[in-house]
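# Structural features, examined
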Amino acid sequence: MRTEDFTFLAEALKQRSGLMLTADKVYLLESRLTPLARKRGLDTLDALIQKLRISRDEALWKDVTEAMTTNESFFFRDTTPFDLFRNHVLPGMLKARAATKRLRIWCAAASTGQEPYSLAIILKENAAKLAGWNVEIVGTDICTQVLEKARAGTYSQFEVQRGLPIQMLIKYFRQDGDVWRINDDIRSMVSYRPFNLLQSFAGMGTFDVIYCRNVLIYFDQPTKRDVLDRMRRVLGNDGALFLGAAETVLGITDAFRPVRGQRGLYVPSDGTSEQLMGL
Amino acid sequence: MKSCLVVDDSKVIRKVARRILEELQFEIGEAVDGKDALDQCIAKMPDVVLLDWNMPVMNGLEFLVALRSQTGVKQPIVVFCTTENDMAHIRQAIEAGADEYIMKPFDREIIEAKFNQVGLL
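Residues numbered from 1 in each chain as written. Chains lettered and ligands numbered in written order. Predicted model: local features only at pLDDT ≥ 70, side-chain atom pairs only at ≥ 80, totals over all residues. Heavy atoms only, no water.

## Notes on the side chain of Ser111(A)
Residue and element names in this part refer to chain A. Selection criterion: We count a stretch as a helix when DSSP gives it H or I for four or more residues in a row; a strand needs E for two or more, and each element gets its number in order from the N terminus. Polar contacts here mean pairs of N or O atoms no more than 3.5 Å apart (in protein, one a potential hydrogen donor and the other a potential acceptor; neighbouring residues in sequence count only if both atoms are side-chain atoms). Residue contacts are counted whenever heavy atoms from the two residues lie within 4.5 Å of one another.
Tracing the backbone shows Ser 111 in the loop between β1 (102-107) and α6 (114-125). One polar contact links the side chain of Ser 111 to the main-chain carbonyl oxygen of Asn 71, over a distance of 2.8 Å. In contact with Ser 111, not counting residues within four places along its chain, are Asn 71, Ser 73, Asp 141, Val 146, Leu 147 and Ala 150.

So, in structure tokens, the structure goes:
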């Protein structure tokens, strides 16, 4: 790939999705966009790039952006963020929101749904304590294709074996030919919508818990700061933010601070979350 | 070092499982059917058994029932690893005392995830 073509694509992708592509990721562009070029009836990646340069084909740009996003996900990924939710965040929220009985959770990179459904399963297992509560899990992703799969709630045998304990498979899934389908009572706990984190969060409402894992790693420093600072403004003062294992707020923003000894969990710097969650 | 008995009538599967589990720091024993596995368990109980279902002489489920009826021994964790991939088999295995269940084909990631879930890693 020519340097000028790489620069052209990298700049457009950054502007559209925040995705940062360094020069060592040429292979990633080539391996993901070549199949897309073929699908669009173009012979080569060069032809695709030429088309992108001369036309304002928004649908094509959307496909390019979606092809470049990484959507790997599995149930209860990394374990700790879900143990912390079950043992600390949820008990804290049960106390703090006892009057309003309202709980809102945002999975900001919901991908194919494993993360929001893992949370829905934990909530289901605490259903007795949440009787009469209005609980909402909002799953968003920039990629509409993955959200379709998330909404369908169907997973391959391979997918249900990565992170999902067998007891939960028995309890919350049913077999449907080659796929495993999550039960409707879990599926209906999550609402999905396409959303680009570079867009304004106005209209999202406020949240008690935000999961934003393994997405900031693809952004540059100013974009990370911008997203985190805006997330602070839609998160309650006693709320919780979960980031991916390779991500942090340190050196990026003062809006959040890490909770000592609790990997991946961040709280508003000026907030009261730790007391509430017994951490 | 924890010990794992790999029970499968396929030499290839035993070899693949051994390689993955040795990388995860397990000491590996092998058994070719349920009877062989039961004899080995009675002689020396492993920490975990990775168990195929369909085998000659004594199948995995029969082995599991016999194993769980042993008294006065430290019961190992049992992880089924079989091509039987329907809900009825899974339920039957769990009801008979299996701790986890892997549907073949498996890879290192699945073994690691499942062993993690039962607290072995």
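Now that the structure is up, let's keep going.
## Concerning the domain arrangement of chain A
Residue and element names in this part refer to chain A. The cut-off we apply is this: Domain start and end points were adopted from an automatic or database domain assignment. When a carboxyl oxygen of Asp or Glu lies within 4 Å of a side-chain nitrogen of Lys or Arg, that pair is called a salt bridge.
Here chain A is described as being made up of domain 1 (3-68) and domain 2 (80-277). Domain 1 and domain 2 are separated by 30 Å when their C-alpha centres are compared. Where Lys 14 meets Asp 220, a salt bridge forms, and the shortest distance between an N and an O atom there is 3.1 Å. At the level of elements, α1 (3-17) and α4 (58-68) are the ones that each hand at least two residues to the side of domain 1 that touches domain 2.

## Section: the pairing of strand β4 (residues 77-82) of chain B
Residues and elements named next belong to chain B. Rules: The classification of residues rests on relative accessible area computed with a 1.4 Å probe and restricted to protein chains. Under 20% of the type maximum is buried, over 50% is exposed, and intermediate values are partly exposed. A pair of strands is treated as paired once DSSP finds two or more bridges between them. The handedness rule is simple: strands pointing away from the viewer, and a clockwise path from the first strand over the helix to the second, make the crossover right-handed.
Counting buried residues in β4 gives 5 out of 6 residues, a clear majority hidden from the surface. Sheet topology places strand β3 (residues 48-51) next to β4; 4 bridges connect them, and they run parallel. Along β4, the bridge assignment pairs Leu 50 with Val 79. In this region the chain leaves β3, passes through helix α3 (residues 60-68) and returns to the parallel neighbour β4; the handedness of that crossover is right-handed.

## Here we look at the packing of aromatic side chains
Residue and element names in this part refer to chain A. Stated formally: Side-chain rings of Phe, Tyr and Trp, where Trp is taken by its six-membered ring, are said to pair if the distance between their centres is within 6.5 Å; with planes under 30 degrees apart they count as stacked, over 60 as edge-to-face, and otherwise as tilted. Geometrically, a lysine NZ or arginine CZ counts as sitting over a ring once it is within 6 Å of the ring centre and also within 35 degrees of the ring normal.
Throughout the structure, instances matching the rule amount to 14 aromatic pairs over all chains. Between Phe 75 and Phe 173, the ring centres sit 5.7 Å apart and the planes meet at 90°, which makes this aromatic pair edge-to-face. Here Phe 75 is found in the loop between α4 and α5 (80-96), whereas its partner Phe 173 is found in strand β4 (residues 173-176), with 98 residues between them in sequence. For the pair Phe 75 and Phe 173, a shared accessibility class is recorded, and that class is buried. Centroid distance Trp 106 to Phe 195: 6.0 Å. Interplanar angle 70°. Geometry classified as edge-to-face. With Trp 106 in strand β1 and Phe 195 in the loop between β6 (190-194) and β7 (207-212), this pair connects stretches of sequence that are 89 residues apart. A single burial state applies to Trp 106 and to Phe 195, both of which are buried. Taken together, the ring pairs in this structure connect Phe 76, Phe 82, Tyr 211 and Phe 242 into an aromatic cluster. Positioned above the aromatic ring of Phe 8, the side-chain terminus of Arg 53 is 4.4 Å from the ring centre. A cation over an aromatic ring shows up here: Arg 230 above the ring of Phe 201, its NZ or CZ 4.3 Å from the ring centre.

## Section: the side chain of Glu115(A)
Residues and elements named next belong to chain A. By secondary structure assignment, the location of Glu 115 is in helix α6. Given the relative accessible area of 6%, Glu 115 is considered buried. Aside from chain neighbours lying at most four places away, what touches Glu 115 is Ser 73, Phe 82, Cys 107, Tyr 211 and Arg 213.

## What about the nonpolar core?
Residues and elements named next belong to chain A. Heads up, the condition is: Definition of nonpolar core: a set of buried residues of the types Ala, Val, Leu, Ile, Met, Phe, Trp, Tyr and Cys, connected through side-chain atoms within 4.5 Å.
In this structure, Phe 85 and Phe 173 are the most contacted members of the largest nonpolar core, which totals 73 residues. Ranked by residue count, the leading element in this core is α5, at 7 residues. The next biggest cluster of nonpolar side chains, apart from the first, holds 25 residues, and it includes Ile 210, Leu 235, Leu 243 and Ala 255.

## Some points on the UniProt feature "domain: Response regulatory" (unreviewed entry) in chain B
Going by this rule: UniProt positions are given in the numbering used here, feature names are shortened, and annotations may be inferred rather than shown by experiment.
The residues that UniProt annotates with the feature "domain: Response regulatory" (unreviewed entry) are residues 3-119 of chain B. Note that residues 3-119 of chain B is 44% helix and 21% strand, and that its end C-alpha atoms are spaced 14 Å apart.

## Observations concerning the sheet that holds strand β2 (residues 26-31) of chain B
The pairing of strands in a sheet comes from backbone hydrogen bonds and takes either a parallel or an antiparallel form. Residue and element names in this part refer to chain B. Just so we agree on the cut-off: Axis definition: a line fitted to C-alpha atoms, limited for helices to the stretch in contact. Angles are taken between N-to-C directions and run from 0 to 180 degrees.
Spatial ordering of the open sheet is given by β2-β1-β3-β4-β5, a layout of 5 strands whose pairing is parallel. Because the sheet does not close on itself, it has two edges, and the strands there are β2 and β5 (100-103). On average, adjacent strands in this sheet sit at an angle of 20° to one another, irrespective of strand direction. Inspection of the sheet shows strand β1 (residues 2-7) paired to β2 by 6 bridges, in the parallel sense. Residue pairing in the sheet places Val 6 in a bridge with Glu 30 of β2. Contacting β3 and β4, α3 runs over the sheet at an angle of about 175° to β4.

## A closer look at empty space enclosed by the protein
Here the idea is plain: a probe the size of a water molecule rolls over the atoms and shows the empty space left. Residues and elements named next belong to chain B. Under the convention used in this document: Definitions used throughout: a 1 Å grid over protein atoms alone; a cavity as a set of points that fits a 1.4 Å probe which cannot get out; a pocket as an open set with protein on both sides within 12 Å along at least five of seven lines; a lining residue as one with an atom within 4 Å of a point. Grid points are joined across faces, edges and corners, and a volume is the space filled by probe spheres set on the points. Polarity classes work like this: nonpolar for Ala, Val, Leu, Ile, Met, Phe, Trp, Tyr, Cys and Pro, charged for Asp, Glu, Lys and Arg, and polar for all others, with Gly in that last group.
The final tally for this structure, using the stated rule, is 1 cavity of 30 Å³ or more. Put simply, the largest cavity is a space of about 30 Å³. Listed by contribution, the elements that provide at least two residues to the lining of the largest cavity are β1 and β3. For the lining of the largest cavity, the per-class residue count stands at 6 nonpolar, no polar and 2 charged.

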